[in-house]
Amino acid sequence: MDIIFHHPTFDTEYWLNRLQQALPDARVRQWKQGDRQPADYALVWHPPVEMLSGRKGLKGVFALGAGVDAILSKLQAHPDMLPDGVPLFRLEDTGMGLQMQEYAVSQVLHWFRRFDDYQRQKQQGQWQPLDDYRREDFTIGILGAGVLGGKVADSLVAWGFPVRCWSRSKKDFPGVESFAGGEALPAFLSGTRVLINLLPNTPQTVGIINRELLSQLAKEAYVINLARGVHLVEADLLAALDSGQLKGAMLDVFSKEPLPESNPLWTHPRVAMTPHVAAVTRPDEAISYIAKTITQLENGESVSGEVSLQHGY
Ligand SMILES: NC(=O)C1=CN([C@@H]2O[C@H](COP(=O)(O)OP(=O)(O)OC[C@H]3O[C@@H](n4cnc5c(N)ncnc54)[C@H](OP(=O)(O)O)[C@@H]3O)[C@@H](O)[C@H]2O)C=CC1
Ligand SMILES: O=C(O)C(=O)CO
């Protein structure tokens, strides 16, 4: 079995060696321009079109991340990149769930314990205990209740917060109120104090966090965007912060990355940010997952993690 690998920034040597160890019978190689030799599986992130297009004999393509929006948008322009019937897989959790839990829990607790207010008071030389927030007034609403949204929901339930989630299909997560579909969105938003976004980037979700949505959250709400920058209308977020509807935002992803120097999010006092690091691909966990999935495919077993081209995630 032949496996080709392309990632613009990962340590390719490390990946090739570890993949080889995990699949000793496979021949694993870095894909280089001009390589048209056969391959059974391709492991990719931002693949050059010529790596995949028109390739015969592929049994599967693995995206080396959780979101497949970049690959799917390339596929739209070059449909022959994925021949009919060749499945596209993505990483399910592989260590990203824990990273998202760390990010979400630490930020929610930061706001819940009013560390943002105390930081401002410190800057003004003010020693002033403030009223505690109550958990019952701190409902967490998670947009997207898939692999990562589900993990984040679990971790916040464990901290005793009221937690709700919104997805296409209804969920049955212990301690989490589930809302499904567009009609249920207003009920989900009403009373949500902290909105956490973990939706995939699809035509249905682009621009979903906009003025209308933000106006339906509880007063002085907070937003954490962990999914994709295109989900958030940045100008609407800034307006909601300035009107007092929102109290703070923590953003990991942006409509343009790296965030341009001139973007007003850089200087807004109630916006905090990280440079798209909420959850990164952990090589060892990802390699075990891919090796297991390839072995199952070779054995004719059913596998999870296949992307639905129809739904776009
Ligand atoms: N910032 C970062 O570092 C990282 C960001 N990400 C982002 O996180 C996203 C989520 O990852 P993951 O949890 O693995 O993805 P999943 O595919 O497991 O989950 C997606 C969730 O979104 C729901 N959903 C999709 N479309 C809609 C819609 N139109 N309306 C309502 N709900 C919808 C799905 O509903 P249903 O369950 O009914 O199908 C599902 O619950 C990724 O797509 C990626 O963009 C991922 C990793 C790192
Ligand atoms: O895996 C993903 O989708 C990411 O965004 C990684 O940073």
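Residues numbered from 1 in each chain as written. Chains lettered and ligands numbered in written order. Predicted model: local features only at pLDDT ≥ 70, side-chain atom pairs only at ≥ 80, totals over all residues. Heavy atoms only, no water.

Novice: Just checking my understanding: could you explain the site of ligand 2 for this structure?
Specialist: Looking at ligand 2, the residues that line it are Gly-65, Ala-66, Gly-67, Met-96, Arg-228, His-276 and Ala-279. Here an oxygen atom of ligand 2 sits 2.8 Å away from a polar atom, N or O, in the main chain of Gly-67. Within the side chain of His-276, an N or O atom sits 2.8 Å from an oxygen atom of ligand 2. For ligand 2, whose accessible area on its own is 230 Å², the fraction buried by protein is 83%. The class makeup of the residues in the shell around ligand 2 is three nonpolar, three polar and one charged. (Near = heavy atom within 4 Å. Polar contact = N/O pair within 3.5 Å; in protein donor to acceptor, adjacent residues only side chain to side chain. Areas by Shrake-Rupley, 256 points an atom, 1.4 Å probe, with all protein chains shown as cover. Nonpolar A, V, L, I, M, F, W, Y, C, P; charged D, E, K, R; others polar.)

Novice: Would you take a moment to explain the UniProt feature "domain: D-isomer specific 2-hydroxyacid dehydrogenase NAD-binding" (unreviewed entry) in the protein for this structure?
Specialist: Sites flagged by UniProt as "domain: D-isomer specific 2-hydroxyacid dehydrogenase NAD-binding" (unreviewed entry) map to residues 106-278. Secondary structure over residues 106-278 splits into 28% helix and 18% strand, and the C-alpha atoms at its two ends are 12 Å apart. (UniProt positions renumbered as here; feature names shortened; annotations may be inferred. Helix = DSSP H or I, 4+ residues; strand = E, 2+ residues; numbered from the N terminus.)

Novice: Got a minute to help me understand the site of ligand 1 in this structure?
Specialist: As a structural note, the neighbourhood of ligand 1 is formed by 30 residues, with Arg-90, Ser-169, Lys-171, Leu-226 and Tyr-313 the closest of them. Note that an oxygen atom of ligand 1 is positioned 2.6 Å from one of the side-chain N or O atoms of Lys-171. Arg-228 places a side-chain nitrogen or oxygen 3.3 Å from an oxygen atom of ligand 1. Against a free-state accessible area of 950 Å², the protein chains account for coverage of 92% of ligand 1. At the level of elements, α4 (96-112), α6 (147-158) and β7 (163-167) are the ones that each hand at least two residues to the shell around ligand 1.

Novice: So what exactly am I meant to see when it comes to the pairing of strand β1 (residues 2-6) here?
Specialist: A regular strand carries its side chains on alternate faces of the sheet. Within β1, five of the five residues are buried, leaving the element largely enclosed by the surrounding structure. The two faces of β1 match: Asp-2, Ile-4 and His-6 on one face and Ile-3 and Phe-5 on the other face are all buried. Here four bridges tie β1 to strand β2 (residues 27-30), and the two strands are oriented parallel to one another. Residue pairing in the sheet places Ile-4 in a bridge with Arg-29 of β2. A crossover links β1 with its parallel partner β2, the connecting element being helix α1 (residues 12-22), and its sense is right-handed. (Buried < 20%, exposed > 50% of the residue type's maximum accessible area, 1.4 Å probe, protein only. Pairing = 2+ DSSP bridges. Right-handed = clockwise from strand over helix to strand, strands pointing away.)

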